[in-house]
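Each chain, letter by letter, is given below.
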Number of protein chains: 2
Amino acid sequence: MSLPETRRVLSIQSHVVSGYVGNRAATFPLQVLGWDVDPVNTVQYSNHAGYGQFGGPKTDPAQLTAIFKAMEDNGLMRPSRVLTGYIPGSEALKVVAELVKQLRTLAPSLPYILDPVMGDEGKLYVDADVVPIYRDLLLPLATVITPNWFEVELLTEIKLDSLPSLRSALRKLHREFGVRSVIISSIPPGTLELPPSIGIRSHPNNDLYTPDSLLCLASFDDGTSSGPTISRVHTMRVPKIAGYFSGVGDLFSALVCAFFEDELSTQMGGDNGITASSQTPVSLATARAVNVTHAVLLDTERHYLSLPEADRPDTDTEKDKADSSRRPRRMRARELRIIQAIDVIRTGSTALLGDLAEWTDFWTS
Amino acid sequence: MSLPETRRVLSIQSHVVSGYVGNRAATFPLQVLGWDVDPVNTVQYSNHAGYGQFGGPKTDPAQLTAIFKAMEDNGLMRPSRVLTGYIPGSEALKVVAELVKQLRTLAPSLPYILDPVMGDEGKLYVDADVVPIYRDLLLPLATVITPNWFEVELLTEIKLDSLPSLRSALRKLHREFGVRSVIISSIPPGTLELPPSIGIRSHPNNDLYTPDSLLCLASFDDGTSSGPTISRVHTMRVPKIAGYFSGVGDLFSALVCAFFEDELSTQMGGDNGITASSQTPVSLATARAVNVTHAVLLDTERHYLSLPEADRPDTDTEKDKADSSRRPRRMRARELRIIQAIDVIRTGSTALLGDLAEWTDFWTS
């Protein structure tokens with residue numbers, strides 16, 4: 001292996017021919033932001049599983065190993081960042097863990113953005129034996145993780161239903177698994193009672209912050225604090241858009257990967273005054289990633305609503321059963337409009353929703 | 001199958017994790033130009049074969065069939081263009097031919113841009129039984145083909161060494177195989193004697209047109225003419241850049257696919273006066289594709305020359321044998337700078353090399 005190149009992401013995720021999940025949601029935004037992407041495709045499916053049916057092969061662990069080995073032999077295994085998403089089997093996941101470990105021996109500070117894709121809303125969509133691999137092998141290697149609410153529960157084995165349980169979960173992720181930056185991008189509405197200072201900031205889009213908003217949270221642990229406060233926590237409310245859109249998490253983690261300024265992390269860990277900043281490296285990256293993701297979702301919703309009603313049937317399991325083309329129609333209508341967002345992606349502007357606000361008494365309230 | 005969507009390309013080519021050939025060279029430019037791309041990957045290799053070694057799986061014909069079938073079942077097989085490149089086996093190629101045939105029954109005017117990737121400079125790099133499949137099954141379906149010099153010889157079984165032999169080859173492609181638009185993007189220097197009017201046009205970059213230039217040729221047959229002149233032929237000289245760069249043809253055919261204005265084809269076939277234009281649909285698309293490709297090549301060469309000499313060893317088979325890292329180093333240094341060309345791609349400007357000029361007496365001189 002040779003030294004890392006500047007701005008090259010090794011991205012290990014799924015590939016679908018049609019639609020935007022996995023590497024298909026991650027690659028274009030990263031490229032538009034000037035990153036060379038080396039996309040390792042863990043599967044090649046016709047479309048995402050939400051359609052109900054799909055075709056195409058998985059990449060088996062031996063094939064992944066062959067790809068990695070040839071890249072090493074050719075001096076091509078030199079990412080400046082690693083990003084991983086949907087990796088459906090435990091053996092493939094072990095191959096990836098071993099690779100990241102090797103890369104770290106050569107480049108100890110290599111940032112690794114880990115999206116522990118395992119399930120959503122209480123439903124697992126990988127083999128159950130994948131969970132302990134994430135916990136034991138992957139988490140200890142990760143620089144930033146972007147689990148959803150359910151995945152935090154799976155990783156920490158803590159039922160999340162209150163602020164104290166969230167504190168316990170974050171403590172475990174930071175201190176037991178050693179993850180420096182944790183982003184939980186969509187905490188369901190009503191799960192946490194927020195202090196009044198959060199979400200009623202002066203921002204032009206304040207009318208978007210309804211009680212129905214999701215909460216996005218970024219927690220940064222520079223490893224130096226002892227006592228009850230173990231990390232700096234920033235949050236923002238994100239307006240909830242009706243309906244389920246696939247690939248949102250994959251787009252979000254790719255944007256975090258692109259926007260994350262790791263040098264800041266190093267600086268903030270030191271004693272050079274930057275610790276006094278109102279933001280952390282992960283809160284800054286999260287703000288940009290949330291804003292761009294939300295813009296893509298708004299455009300996707302706008303496009304969805306512009307379609308004839310027959311092309312966007314509502315979510316109704318009974319009706320879906322009676323007409324097999326109904327669910328695929330809904331899925332097609334809700335594919336993310338990522339290619340059309342090229343200019344929004346390039347600006348990386350936070351004008352839409354603003355920045356995250358620090359939740360100063362998160363650990364002590 | 002449903003009706004074609006606007007600006008959606010089904011692109012069937014190779015995938016490499018690192019570097020830019022096949023779908024990795026084609027997808028980003030098409031996306032940047034506003035096309036949704038459905039990339040079907042015929043292989044997933046670590047890198048292109050020029051490195052000497054590579055790892056990863058082919059997608060077998062049964063897997064391709066499963067992908068296509070699931071797309072059809074989900075209403076996702078609705079491209080507005082088809083683009084095909086490297087498809088290494090004859091069985092896989094037959095599956096693709098069958099698909100394009102089916103798509104045509106639903107959308108008879110669906111443009112199909114076919115890059116018959118078979119070899120270069122006298123060397124075949126697909127199975128020999130692929131050649132007749134291209135000839136018998138694929139060519140009759142193609143709207144535009146972008147063969148190199150060697151591939152024209154393979155397809156037509158005519159040895160190209162003179163203007164009369166090129167005329168015979170073009171006649172065969174247009175009239176026997178029924179291809180409307182033929183682009184031969186790089187005819188080796190000195191192969192054809194050009195009339196003085198070609199290549200000494202008034203253009204700011206005329207000093208680039210050295211005797212060492214390649215010739216790029218676009219031939220458009222609207223099917224109406226009888227007599228000796230069977231097509232309108234446009235050409236331009238393209239400055240030759242020293243050294244071999246992989247993926248150039250794949251980038252070029254993707255750009256042709258993006259820039260080709262098929263409506264013009266239909267109009268020019270009619271009796272509406274547009275036939276008097278100094279350009280044809282394929283000469284216009286070729287000009288834009290050549291200009292962007294050349295800009296990418298110039299930036300790639302500039303980058304190559306900026307590297308330390310140890311990182312860009314010259315082409316020397318003897319030395320390559322003595323040091324196994326030598327050839328991969330050269331290949332790495334010559335990977336196309338496609339991601340960095342985002343702005344050049346978006347403009348699609350022909351300012352660098354200008355347009356093609358009509359070779360009015362091509363058929364009669």
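Residues numbered from 1 in each chain as written. Chains lettered and ligands numbered in written order. Predicted model: local features only at pLDDT ≥ 70, side-chain atom pairs only at ≥ 80, totals over all residues. Heavy atoms only, no water.

A.B. asks: Before we move on, can you summarise the overall build of chain A with the specific residues and values?
C.D. replies: For chain A, the count of helices and strands is twelve helices and eleven strands. Taken across its 365 residues, chain A has 59% of its residues classed as buried. In chain A, once contacts between residues fewer than 6 apart in sequence are set aside, the share between residues at least 24 apart is 76%. (Helix = DSSP H or I, 4+ residues; strand = E, 2+ residues; numbered from the N terminus. Buried < 20%, exposed > 50% of the residue type's maximum accessible area, 1.4 Å probe, protein only. Contact = heavy atoms within 4.5 Å.)

A.B. asks: Give a description of the nonpolar core that names residues and reports values.
C.D. replies: Membership of the largest hydrophobic core comes to 92 residues, with the highest contact counts inside it found for A:Phe28, A:Leu30, A:Ile338, B:Phe28, B:Leu30, B:Ile338 and B:Ile345. With residues up to four places along the chain from it excluded, the contact list for B:Leu30 reads B:Val9, B:Trp35, B:Val37, B:Leu83, B:Ala254, B:Cys257 and B:Ala258. (Core = buried A, V, L, I, M, F, W, Y, C linked by side-chain atoms within 4.5 Å.)

A.B. asks: Can you lay out the environment of A:Asp212 for me, pointing to particular residues and giving the numbers?
C.D. replies: Residues and elements named next belong to chain A. With respect to the secondary-structure elements, Asp212 resides in the loop between strand E8 (181–187) and strand E9 (214–220). Linking Asp212 and Asp36, residues 176 residues apart in sequence, is a C-alpha distance of 38 Å. Not counting residues up to four positions away in its chain, the partners in contact with Asp212 are Pro189 and Lys240.

A.B. asks: Talk me through the confidence of the model for chain A; I want residue IDs and the actual numbers.
C.D. replies: All names here are of chain A. Confidence in the prediction of chain A, expressed as mean pLDDT, is 90, and 90% of residues score 70 or more. Low pLDDT, under 50, characterises residues 200–204; the predicted model gives this stretch twelve contacts beyond four residues in sequence or across chains. A low-confidence stretch, residues 270–275 stays under pLDDT 50, and its non-local contacts, those more than four residues away or across chains, total seven contacts. Interface predicted TM-score (ipTM) for the complex: 0.93; the corresponding pTM is 0.94. (pLDDT = per-residue confidence, 0-100.)

A.B. asks: Mind laying out the sheet that holds strand E7 (residues 144–145) of chain A, listing which residues take part and the relevant values?
C.D. replies: Residues and elements named next belong to chain A. Across the sheet, nine strands lie side by side as E2-E1-E3-E4-E7-E8-E9-E10-E11; this open sheet has mixed pairing. The two strands at the open ends of the sheet, each matched to only one other strand, are strand E2 (36–45) and strand E11 (357–358). Sheet strands in contact with helix H3 (residues 90–106) are strand E1 (8–16), strand E3 (81–84) and strand E4 (112–114), and its direction is about 170° off that of E1. Each of E7, E8, E9 and strand E10 (232–238) touches helix H9 (residues 281–306); the most contacted strand, E9, lies at about 155° to it. (Pairing = 2+ DSSP bridges. Axes fitted to C-alpha atoms, helices over the stretch in contact; angles between N-to-C directions.)

A.B. asks: Describe the pattern of salt bridges, with residues and values.
C.D. replies: All names here are of chain A. Using the criterion set out here, one finds 30 salt bridges over all chains in the structure. Here Asp221 makes a salt bridge to Arg175, at a shortest N to O gap of 3.0 Å. Taken together, the residues span a long stretch of sequence, with Asp221 in the loop between E9 and E10 and Arg175 in helix H6 (residues 163–176) at a distance of 46 residues. Overall, Arg175 belongs to the partly exposed group, its relative accessible area being 37%. Two residues, Arg329 and Asp323, come together in a salt bridge whose shortest N-O distance is 2.8 Å. One connected set of salt bridges, linked through shared partners, spans Asp314, Asp320, Arg326 and Arg330. (Salt bridge = Lys/Arg side-chain N within 4 Å of Asp/Glu carboxyl O.)

A.B. asks: Describe the relation of the copies chain B and chain A, and please don't skip the residues or the numbers.
C.D. replies: Mapping chain B onto chain A leaves a residual RMSD of 0.0 Å; the transformation is a rotation of 180° accompanied by 0.0 Å of translation along its axis. Such a combination of rotation and displacement between the chain copies is what one expects of a two-fold axis. Taking C-alpha positions as reference, the residue of chain B nearest the rotation axis is B:Phe28, located at 3.5 Å. (Least-squares fit on C-alpha atoms with pLDDT ≥ 70 in both.)

A.B. asks: Before we move on, could you go through the interface of chain B and chain A and cite the residues and values that matter?
C.D. replies: Facing 45 residues of chain B, the contacting portion of chain A comprises 45 residues. Here chain B packs against chain A, burying approximately 3,700 Å² in sum over the two surfaces, 51% of which is carbon and sulfur. Our count for the chain B to chain A interface comes out at four salt bridges. For the interface between chain B and chain A, the tally reads 22 residue pairs in polar contact (both at pLDDT 80 or more). Of the residues forming the side of chain B that touches chain A, the biggest block, seven residues, is contributed by strand E2 (residues 36–45) of chain B. The residue makeup of the side of chain B that touches chain A, split by class, is 19 nonpolar, 17 polar and nine charged. (Buried area = accessible area lost by both parts, 1.4 Å probe. Polar contact = N/O pair within 3.5 Å; in protein donor to acceptor, adjacent residues only side chain to side chain. Nonpolar A, V, L, I, M, F, W, Y, C, P; charged D, E, K, R; others polar.)

A.B. asks: Tell me about the sheet that holds strand E4 (residues 112–114) of chain B, residues and numbers included.
C.D. replies: Residue and element names in this part refer to chain B. Taken in spatial order, the nine strands make up an open sheet running E2-E1-E3-E4-E7-E8-E9-E10-E11, and their pairing is mixed. The open sheet is flanked by E2 and strand E11 (357–358), the only strands paired with a single partner. Where strand E1 (residues 8–16) lies against E2, eight bridges are found, and the strand directions are parallel. By the bridge assignment, Val16 is partnered in E2 with Tyr45.

A.B. asks: Tell me about the UniProt feature "domain: Pyridoxamine kinase/Phosphomethylpyrimidine kinase" (unreviewed entry) in chain A, and please be specific about residues and values.
C.D. replies: With numbering matched to this structure, UniProt assigns "domain: Pyridoxamine kinase/Phosphomethylpyrimidine kinase" (unreviewed entry) to residues 77–184 of chain A. Between the C-alpha atoms that bound residues 77–184 of chain A there is a distance of 30 Å. The span itself is 44% helix and 16% strand. (UniProt positions renumbered as here; feature names shortened; annotations may be inferred.)

A.B. asks: Can you explain the packing of helix H5 (residues 149–156) of chain B against helix H6 (residues 163–176) of chain B? Please cite residues and give values.
C.D. replies: All names here are of chain B. Running from N to C, H5 and H6 point in directions that differ by 65°, and their axes come no closer than 10 Å. Relative to H6, H5 is oriented so that their crossing is left-handed. On H6, the residues that touch Trp149, Val152, Leu155 and Thr156 of H5 are Leu166, Ala169, Lys172 and Leu173. A class-by-class count of the residues in the contact of H5 with H6 yields six nonpolar, one polar and one charged. (Left-handed = near helix turned anticlockwise from the far one by under 90°.)

A.B. asks: How would you explain the environment of B:Pro57 if you had to name every residue and give the values?
C.D. replies: Mapped onto the elements of the fold, B:Pro57 is located in the loop between E2 and helix H2 (61–73). Linking B:Pro57 and B:Trp149, residues 92 residues apart in sequence, is a C-alpha distance of 30 Å. With residues near it in sequence (within four places) discarded, B:Pro57 still touches A:Gln63, A:Ile67, B:Val43, B:Gln44 and B:Tyr45.

A.B. asks: So what about the packing of helix H7 (residues 248–259) of chain B against helix H9 (residues 281–306) of chain B? Which residues, and what values?
C.D. replies: Residue and element names in this part refer to chain B. Running from N to C, H7 and H9 point in directions that differ by 140°, and their axes come no closer than 8 Å. Relative to H9, H7 is oriented oblique. H7 and H9 meet at a crossing whose hand is right-handed. Contacts between H7 and H9 pair Val248, Leu251, Phe252, Leu255, Val256 and Phe259 from the former with Ala285, Thr286, Arg288, Ala289, Val290, Val292, Thr293, Val296 and Leu297 from the latter. The class makeup of the residues in the contact of H7 with H9 is twelve nonpolar, two polar and one charged. (Parallel < 35°, antiparallel > 145°, perpendicular 65-115°, else oblique.)

A.B. asks: Got a sec to walk through the pairing of E3(A)? Specific residues and values, please.
C.D. replies: Each regular strand carries side chains that alternate between the two faces of the sheet. All names here are of chain A. Neither face of E3 is exposed, since Arg81 and Leu83 on one face and Val82 and Thr84 on the opposite face are all buried. Bridge analysis of E1 against E3 gives four bridges, and the strand direction is parallel. Among the inter-strand pairings, Leu10 is bridged to a residue of E3, identified as Val82. What joins E3 to E4 is H3, and the crossover it makes is right-handed. (Right-handed = clockwise from strand over helix to strand, strands pointing away.)

A.B. asks: Describe the environment of B:Val32, listing the residues and the values that go with them.
C.D. replies: Summarising the element assignment, B:Val32 is placed in helix H1 (residues 23–32). Each C-alpha atom of the pair B:Val32 and B:Ile342 lies 7.0 Å from the other, and the pair is 310 residues apart in sequence. Those residues in contact with B:Val32 that lie beyond four places of it in its chain are A:Phe28, A:Ile342, B:Ile342, B:Ile345 and B:Arg346.

A.B. asks: Lay out H3(A) with the relevant residues and their values.
C.D. replies: Residue and element names in this part refer to chain A. The end-to-end C-alpha separation of H3 is 25 Å, in line with the 24 Å expected for 17 residues at 1.5 Å each. Taken together, the buried positions of H3 are Ser90, Ala92, Leu93, Val95, Val96, Ala97, Leu99, Val100, Leu103 and Arg104. Where H3 is buried, its residues contact E1, helix H2 (61–73), E3, E4 and helix H4 (130–138). (Expected span 1.5 Å × (residues − 1).)

A.B. asks: Go over H5(B) with me, naming the residues and quoting the values.
C.D. replies: Residues separated by three or four positions in an α-helix point in the same direction, a consequence of the helix having 3.6 residues per turn. Residue and element names in this part refer to chain B. Most of H5 is tucked away: eight of the eight residues are buried. For H5, the complete set of buried residues consists of Trp149, Phe150, Glu151, Val152, Glu153, Leu154, Leu155 and Thr156. Each element contacted by the buried residues of H5 is listed here: strand E5 (119–120), strand E6 (123–124), helix H4 (130–138), H6 and strand E8 (181–187). Of the residues trailing H5, Glu157 is marked for its positive phi of about 55°.

A.B. asks: Give me unusual backbone geometry: which residues, what numbers.
C.D. replies: We note that A:Glu121 has phi near 50°; this positive angle belongs to a residue other than glycine. The residue A:Glu121 is located in the loop between strand E5 (119–120) and strand E6 (123–124) in this model. Residues other than glycine seldom take positive phi values, yet B:Glu157 does so here, at roughly 55°. Mapped onto the fold, B:Glu157 is located in the loop between H5 and H6.

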